[in-house]
Amino acid sequence: MAKNINNIIFGIIGVTYRCNAKCVMCNIWKHPTKKDVEFPSRILEKLPNIPVFNVTGGEPFLKEDLQDIIDILKNKSERIVISTNGFLTDKILRFADKNKNIGIRVSIEGFPAANDKLRGLKNGFDKGLRTLIELKNMGFKDIGFGITVSGENTKDLLPLYNLATYLDLEFATAIVHNTYYFKKFDNVISNKEAVANEFKKLLYKLLKSKSVKNWFRAYFNYGIINFIAGKPRLLPCEMGSSSFYLDPYGIIRPCNGRDEIMGNLNVQSFEEIWHSKKAAEVRELVKNCDKNCWMIGSVGELMKKKIFVPINWIIRNKFLKKRDTERIIGSLIHNETRAGAESKVASIEN
């Protein structure tokens, strides 16, 4: 059955796969797009009005016509957020001066040593933090940074949250994923229990906060712990139905986690793509997807749509003092212990 375009709540716009970083957990930089094959900004006129757009890359600020892209999206959305590594400080500040009603999120993977190693950018932490501070000084409201935890930077999670709190900046979290988008399929969290426990500490800090927004962030981090434990998603995935991903080539996909193609915006209207037989087939594949991805972009909007699910969790875990997180980590410890024992037995038998 065709999905109503009016039900779309979130769109991811990948403007380029060119990148100035060389991230350990992402290989996009090894597969850059060429300028002449990236979609022209004018095709964005075909997109419907959508509440939220996330503009991403690669590194979006390497895109020469980024201003044209934002100008078009401004007429179609209540909120636009650009994800960047923050390295091109001067360029970002000039852009921000003309676009003070958008959001900017800088990816910072830890304090200097961890960030610069994981991002493959010398002075990457200094540049990213400087970008954030200068945006703050400009009076920019919708700014913040986020960390993608990979195991190597686990101990920087809480200190970075404390830094964000001190600077009065938004703070987002993520866990490494393996998808075609990242061109990476061998990301591994070696010590799941340790990583999950760091997220648990953050979760309880957020629950103790007086900020209602932080309570919902606690639920999101609960979902990350759930993902680490290899359990099914807390909320059903609606990518391809209430959200989509437009890649730098102009191809519409259900998300940046699956590589199925719904249509080509260069030669089709969005309506034609969205109501096509191919799109319906892709949505069926999404229904049976076993990736269990948990990323703030899509999940954040879905939490708003299905708000009573996180509200119920907040009531249980903040006010009724239930310990859902402890149960998940307990099962994780049990599974790791069993896996370790089985591996030891197999080693002895061989």
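Residues numbered from 1 in each chain as written. Predicted model: local features only at pLDDT ≥ 70, side-chain atom pairs only at ≥ 80, totals over all residues. Heavy atoms only, no water.

Caption draft 1: Highlighting the nonpolar core. Counting residues in hydrophobic clusters, the biggest one holds 106 residues, and the most contacted among them are Ile13, Phe145 and Phe244. Here this core takes nine residues from helix α7 (residues 212–228), the largest share from any one element. Residues in contact with phenylalanine 145, not counting those within four places in the same chain, are Arg105, Val106, Ile108, Leu132, Leu160, Leu163, Ala164, Leu169, Glu170, Phe171 and Ala172. (Core = buried A, V, L, I, M, F, W, Y, C linked by side-chain atoms within 4.5 Å. Buried < 20%, exposed > 50% of the residue type's maximum accessible area, 1.4 Å probe, protein only. Helix = DSSP H or I, 4+ residues; strand = E, 2+ residues; numbered from the N terminus. Contact = heavy atoms within 4.5 Å.)

Caption draft 2: Expanded view of the packing of helix α2 (residues 89–98) against helix α4 (residues 124–137). Axis separation between α2 and α4 bottoms out at 10 Å; the angle between their running directions is 25°. Between α2 and α4, the angle falls in the class roughly parallel. As for how α2 packs across α4, the hand of that crossing is right-handed. In this structure, α2 contributes Thr89, Ile92, Leu93 and Ala96 to the contact, and α4 contributes Lys127, Arg130, Thr131, Glu134 and Leu135. The residue inventory of the contact of α2 with α4, partitioned by class, reads four nonpolar, two polar and three charged. (Axes fitted to C-alpha atoms, helices over the stretch in contact; angles between N-to-C directions. Parallel < 35°, antiparallel > 145°, perpendicular 65-115°, else oblique. Left-handed = near helix turned anticlockwise from the far one by under 90°. Nonpolar A, V, L, I, M, F, W, Y, C, P; charged D, E, K, R; others polar.)

Caption draft 3: Spatial organisation of the layout of surface pockets. Counted as a void, the second largest pocket has a volume near 330 Å³. The wall of the second largest pocket is formed by 15 residues, among which Val176, Asn178, Asn187, Lys192 and Phe227 lie closest to the centre. (1 Å grid on protein atoms, 1.4 Å probe; cavity = no way out; pocket = protein on both sides within 12 Å on 5 of 7 lines; lining within 4 Å. Points joined across faces, edges and corners; volume = space filled by probe spheres on them.)

Caption draft 4: Quick peek at a nonpolar patch on the surface. Together, Ile315, Phe319 and Leu320 make up an exposed nonpolar region whose accessible area comes to about 300 Å². Relative to the elements of secondary structure, leucine 320 occurs in the loop between α11 (308–319) and α12 (324–349). (Patch = residues over 30% accessible without salt bridge, like charges linked within 9 Å, V, L, I, M, F, W, Y side chains within 5 Å. Areas by Shrake-Rupley, 256 points an atom, 1.4 Å probe, with all protein chains shown as cover. Salt bridge = Lys/Arg side-chain N within 4 Å of Asp/Glu carboxyl O.)

Caption draft 5: The environment of isoleucine 311, seen in detail. Structurally, the position occupied by isoleucine 311 is in helix α11. Judged by relative accessible area, isoleucine 311 falls into the partly exposed class, the value being 29%. Spatially, the C-alpha atom of isoleucine 311 lies 29 Å from that of asparagine 335, the residues being 24 residues apart in sequence.

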